[in-house]
Every structure is written in C-alpha cells, then in structure tokens.
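Here are the chains, one letter per residue:
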Amino acid sequence: MMKRIIAIGILFLLCAHLSRAQVFVVDPLKGGDGASGSVAAPFKSLKKAAAAAAEYDGADTVRIRLLPGLYTLEDKIVLTRQQSVRHPGSVYLVEASVLPDDPLWTPAKMPVIQSVSPNNSMIQFPHASGFIAATDRVIIKGLKFLGNANPETRYYYPVTREDTIYSGLDITQCYFIGERNSAPIQGAVWAHGAGINVSHCIFYGCKNALLMFKAIRDFSVTHSIIVGAYEAAVWFGPFTAPFVFRGNIVSGCNFFWLRPEGSDPAYVFNHSIIANNKHYAGVYLNKGGLAATDKNNFEEHDIRKTATVTLNEVGLDGLQKGYLHLSPISEGYEMPAGIFIDRVKGRK
C-alpha cells in the first residue's frame, strides 16, 4: 500500500510539473511558421518549434507537441535551450499529441520523422543526424523515425547526443524503421554520456539499433524489440558502470552485442529473448573489423537463446495497431515488449 501511495505521489508531482510548461504545437498539415506555436495557431515545421524552444529563457519545461503527419527533415534538429539559465528539474519534451496507449491512437496518428538531409555533421566523420539532444533531460516520446532517403547520405542517425556533458535522454514508445536499399538507418540511437534510457521502442531493419560509447552510465534498455539489425543490435564502449537490460526481444541480427577488443566486462542481462542471431557476442577490433567471441564474462538471468520469434508484419490489410509487435503465435508473446506500455490496450 505504501509503495502505491508513493507511486501516486510521484505521478501527481510529475503531472503538476509538466503542467508548468512552455508548449509549442506543430501541425505539418494546417500549421504556419509565421504563427505563434500555440494550440490555436500551431507551427508548421519542427525546425521552427526547435528554434522557438532554443530562444525560450524561462525555467519551465519545454514541451513540443507534434500533431499527426509527416515531418520531413532537410537538416538536423538541435534540441537545446538557453544554457545561461539554470532549469532545475525541468525537461525538454518532444512528443506525439496522441500517444500509443491513448484510446484514440491509431498508426495514422503517429508523427512520422523522415530525413532527406545531406550530411549535416562532421563529428568523427561526415554523416547526417535527425534530432541532436544538446541539453539535459531530453524526452522523445511516441514518434516513428524512418531512414534517410537522400542517396548522397551514407550514414544517418535519427537520434544523437554528441557531447558527454549532458545528462538525461529518455526515448520511449518510438519506432525506428530502416530500409537498407532506399532509406537506411546506420544507427537508430547514437549517444554519449549519462542517463540514457530506452524503453518500449521497436527497432526494425536498422543496421545498428544502439550505439553507446563514451562515458556511459545510468543506461537502460527495457521492454524493446530489436529485429533485423544487419550489423549489431548494440555497440557498447568501455564498461564503467552497471546498466539495466530487461524484458527485451532481440532476433534476426548479425551480432547481438559488440564490445571493445581486449575487454571482458561483467554485463548483466535479465529476462529477455536473444535468439536467432548470427552471432551472440563480438568485439570491434582496434585495427578495424568485427570478430565473434564465445569468451564472455556475462551474468544472465532468464535469457532464452532458442525461440521462434514472429512479428505482425504488414500484409494486405495495411498497418494495424500492433504492427511489428510479436504475433500471438510467437514465442515470447506474453512479454510486454513494444510501444504499448499498457499491454492490454496495445493488443486490441
């Protein structure tokens, strides 16, 4: 009973905090970038909303709400705000106006982020980014990210955080869907620093799902589905702090997990299906390339390495509510992995 009271109290405080927010609304169909960004007069583009958020110097949470539609990125979207003002406890939230557990949600109501950008970053090597988290406590919620359709762009990363100085990056209830022949995703999430939490997401057909290298601590990936990563589900840098890996489905990938050559980290993996991947663990070599290894210092609890994983893929009837989730005939169907936090609503 006490735990329930505490949970209700935390939820109340969170809701109260989010109610004190600077809200910018974006409607790609009916909005206008000369508008104010209010509910009554929404912006048309993400670029305009991000620029308005960057200029906001108040202490409240910044909340960008995306109405249904297609958002075409011709350049990167930098999620930042006035760094001269301290914002204790406030967050920077980019979310769908209708979230997957809402009774009114359908696949058509999910904002779609499609990049056509040429290379827009030279960090480490030329590449294109979609969203760049450049402030603390960023939350991205309820969006569908597709790959980059620009034929001149070889490497595309929908969500990145380039610096280790920021803390807090939550990505939840999102799709990341790549198509290697036409709109590839090199890495769905490429981020450095502390407090990276991925939950209830689906990664489908991305070359890599998660790329985590520098100063990674307070990291978690939970209740997510990673299928068809044709290089690796996860690349992980030097192991300096424990992380949480629980309730995930990883299948049909080349490698499940890659770590630096010469390292022997004590990873802990919990209650997940990691099956039908070409290689379980591997290392990325100092001289370049990848190598499989069976010499691992892993601690595994309830990890199923043999299972038949079947997804609800799109058929003649088009996008249905549970697409790319586990099919009722799939092993692991009972696990609450996927974009629906309320599993019962999601399976209707």
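Refer to the structure printed above.
Within each chain, residue numbers correspond to sequence positions counted from 1 in written order. Selection of residues for local features in this predicted model requires a pLDDT of at least 70, selection of side-chain atom pairs for listing and counting requires 80 or more, and totals for whole chains, interfaces and linings are taken over all residues. Where side-chain values are given, they derive from all heavy atoms of the structure, hydrogens and water being excluded.

Glancing now at helix 2 (residues 46-55). Residue burial is assigned from relative accessible area. The probe radius is 1.4 Å, only protein chains are included, and a residue is buried under 20% of its type maximum, exposed over 50%, and partly exposed in between. Secondary structure is summarised from DSSP: a helix means a run of H or I of at least four residues, a strand means a run of E of at least two, and numbering begins at the N terminus for each. Within helix 2 the residues assigned to the buried category are Leu 46, Ala 49, Ala 50, Ala 52 and Ala 53. Down the axis of helix 2, the buried side of the element spans an arc of 160°, and every buried residue falls inside it. With respect to the buried face of helix 2, the exposed residues turned more than 90 degrees away are Lys 47 and Glu 55. Directions drawn from the helix axis to the C-beta atoms are what define this arc.

This paragraph deals with the layout of surface pockets. Looking at the second largest pocket, its volume works out to about 300 Å³. Only protein atoms enter the 1 Å grid, on which a cavity is a set of points fitting a 1.4 Å probe that cannot get out and a pocket is an open set with protein on both sides within 12 Å along at least 5 of 7 lines, lining residues being those with an atom within 4 Å of a point. Looking at the second largest pocket, it is lined by 13 residues, and the ones nearest its centre are Gln 124, Phe 125, Trp 190, Phe 213 and Trp 235. Looking at the lining of the second largest pocket residue by residue, the classes come out as 7 nonpolar, 4 polar and 2 charged. Grid points are joined across faces, edges and corners, and a volume is the space filled by probe spheres set on the points. Three classes are used: nonpolar for Ala, Val, Leu, Ile, Met, Phe, Trp, Tyr, Cys and Pro, charged for Asp, Glu, Lys and Arg, and polar for all others, with Gly counted as polar.

Moving on, we get to empty space enclosed by the protein. In total, this model carries 2 cavities of 30 Å³ or more according to the counting rule given. Roughly 60 Å³ of volume is contained in the largest cavity. Within the lining of the largest cavity, the residues separate by chemical class into 2 nonpolar, 4 polar and 2 charged.

Turning to the environment of Ala 229, a few remarks are in order. As for its position among the elements, Ala 229 is in the loop between strand 18 (225-227) and strand 19 (232-236). C-alpha of Ala 229 to C-alpha of Arg 217: the two residues are 12 residues apart in sequence and 24 Å apart in space. Should any heavy atoms of two residues lie within 4.5 Å, those residues are counted as being in contact. Once residues lying within four places of it in the same chain are set aside, the contact partners of Ala 229 are Cys 206, Lys 207, Gly 252, Cys 253 and Asn 254.

Turning to the pairing of strand 25 (residues 290-293), a few remarks are in order. Between any two strands, at least two bridges found by DSSP are needed for them to pair. In this structure, strand 24 (residues 279-284) lies alongside strand 25, joined through 4 bridges in antiparallel fashion. Of the residues in strand 25, the one forming a bridge with Val 283 is Ala 291. What sits between strand 24 and strand 25 in their antiparallel hairpin is a turn of 5 residues, with Gly 288 showing a positive phi close to 105°.

To describe a pair of aromatic rings, one takes the distance between the centres and the angle between the planes. Between rings of Phe, Tyr and Trp, where Trp is taken as its six-membered ring, a pair exists when centres lie within 6.5 Å; planes separated by under 30 degrees are stacked, by over 60 edge-to-face, and by other angles tilted. Counted under the stated rule, the structure contains 35 aromatic pairs. When the ring of Phe 131 is compared with that of Phe 145, the centres are 5.4 Å apart and the planes differ by 85°; the resulting orientation is edge-to-face. Here the residue Phe 131 occupies a position in strand 7 (residues 128-133), and Phe 145 occupies one in strand 9 (residues 144-148), the gap between them amounting to 14 residues. One exposure class covers both Phe 131 and Phe 145, and it is buried. Aromatic side chains Phe 269 and Phe 298 sit 5.4 Å apart centroid to centroid with 90° between the ring planes, which places their arrangement in the edge-to-face category. Here Phe 298 lies in the loop between strand 25 and strand 26 (299-304) and Phe 269 lies in strand 23 (residues 268-275), a separation of 29 residues in the sequence. Accessibility assignment for this pair places Phe 269 and Phe 298 in one class, buried. Among the aromatic side chains, those forming a connected cluster through ring pairs are Phe 219, Phe 236, Phe 239, Phe 243, Phe 245, Phe 256, Trp 257, Tyr 267, Phe 269, Tyr 280 and Phe 298.

Salt bridges are counted wherever a side-chain nitrogen of Lys or Arg sits within 4 Å of a carboxyl oxygen of Asp or Glu. In the structure shown here, the tally under the stated rule is 4 salt bridges. Two residues, Glu 95 and Arg 63, come together in a salt bridge whose shortest N-O distance is 2.8 Å. Placement of Glu 95 in strand 5 (residues 92-96) and of Arg 63 in strand 2 (residues 61-66) is noted, with a sequence separation of 32 residues between them. Overall, the relative accessible area of 5% leaves Glu 95 in the buried class. A salt bridge links Glu 334 to Arg 304; the nearest nitrogen and oxygen atoms lie 3.4 Å apart. In this pair, Glu 334 sits in the loop between strand 26 and helix 3 (343-346) while Arg 304 sits in strand 26, placing the two residues 30 residues apart along the sequence.

The next point concerns the sheet that holds strand 13 (residues 189-191). On the basis of which strands lie adjacent, the open sheet formed by 9 strands has the order 4-7-10-13-16-19-22-24-25 and mixed pairing. Edge positions in the open sheet fall to strand 4 (77-79) and strand 25, since each of these has one partner strand only. Direction aside, neighbouring strands of the sheet carry axes that sit 20° apart on average. Axis geometry follows a simple rule: fit a line to the C-alpha atoms, using only the stretch in contact for helices, then measure angles between N-to-C directions, giving values from 0 to 180 degrees.

Okay, the environment of Asp 101 next. On the secondary structure map, Asp 101 appears in the loop between strand 5 and strand 6 (112-115). According to the relative accessible area criterion, Asp 101 is buried, its value standing at 17%. Here a polar contact means two N or O atoms within 3.5 Å. Within protein one must be a hydrogen donor candidate and the other an acceptor candidate, and residues neighboring in sequence count only if both atoms are side-chain atoms. Separated by 3.3 Å, the side chains of Asp 101 and Gln 173 make a polar contact.

Nothing here speaks to function; it is geometry throughout.
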